[in-house]
Amino acid sequence: MQEASVAGFIRTLFYIVVVYFILKFLARLFFPIVMKKMVQKAEEQMRQQYQNQQDFANKTSKTSHSDKPKETKKVGEYIDYEEVD
């Protein structure tokens, strides 16, 4: 059975701390870039979705207006009645 040495434990602890600080540094360096890319991608998707909705609305409004004009129904004259006692 092997025993862990104090020097090996301290060396392992040192490596863990160094890796932690390197990852922390890289995260601070690259996190804003990654977030900016994600926001731009979401913005582009929202813009595309909005454009698709506008195109669909324009397409349906053009076809409904051009196919048949709006008809007004003439039912007759309006007569106002009063109740007589």
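Residues numbered from 1 in each chain as written. Predicted model: local features only at pLDDT ≥ 70, side-chain atom pairs only at ≥ 80, totals over all residues. Heavy atoms only, no water.

S.K.: What should I look at first to understand the overall build of the protein in this one?
M.R.: Tallying secondary structure elements over the protein gives one helix and zero strands in all. For the protein, the residues scored as buried account for 0% of the 85 residues in total. A total of about 9500 Å² of accessible surface is found on the protein, and carbon and sulfur atoms cover 61% of it. (Helix = DSSP H or I, 4+ residues; strand = E, 2+ residues; numbered from the N terminus. Buried < 20%, exposed > 50% of the residue type's maximum accessible area, 1.4 Å probe, protein only. Areas by Shrake-Rupley, 256 points an atom, 1.4 Å probe, with all protein chains shown as cover.)

S.K.: Would you take a moment to explain the pattern of salt bridges for this structure?
M.R.: When the charged atoms of two side chains lie near each other, side chains of opposite charge can form a pair. A full pass over the atoms with the stated rule returns two salt bridges. The partner of arginine 47 in a salt bridge is glutamate 43, with the nearest N and O atoms 2.9 Å apart. Of the two residues, arginine 47 and glutamate 43 are both situated in helix H1 (residues 6-67); the distance of four residues between them amounts to about one turn of the helix. Glutamate 43 sits in the partly exposed class, given a relative accessible area of 41%. Judged by its relative accessible area of 47%, arginine 47 is partly exposed. One network of salt bridges, in which partners are shared, links Glu43, Glu44 and Arg47. (Salt bridge = Lys/Arg side-chain N within 4 Å of Asp/Glu carboxyl O.)

S.K.: I keep staring at the packing of aromatic side chains and nothing clicks. Help me out?
M.R.: Given two aromatic rings, one states the distance between the centres and the angle between the planes to describe the pair. In the structure shown here, the tally under the stated rule is two aromatic pairs. Seen from their ring centres, phenylalanine 14 and tyrosine 15 are 6.1 Å apart, and the 50° between their planes marks the pair as tilted. Between the aromatic rings of tyrosine 20 and phenylalanine 21, the centroid separation amounts to 5.3 Å while the plane-to-plane angle is 70°, which identifies the pairing as edge-to-face. Judged by its relative accessible area of 47%, phenylalanine 21 falls in the partly exposed class. (Phe/Tyr/Trp six-rings, centres within 6.5 Å; stacked < 30°, edge-to-face > 60°.)

S.K.: In this structure, what is going on with the environment of threonine 60? I would like to understand it.
M.R.: Topologically, threonine 60 is positioned in helix H1. A polar contact of 3.1 Å, which involves the side chain of threonine 60, links it to the backbone oxygen of alanine 57. (Polar contact = N/O pair within 3.5 Å; in protein donor to acceptor, adjacent residues only side chain to side chain.)

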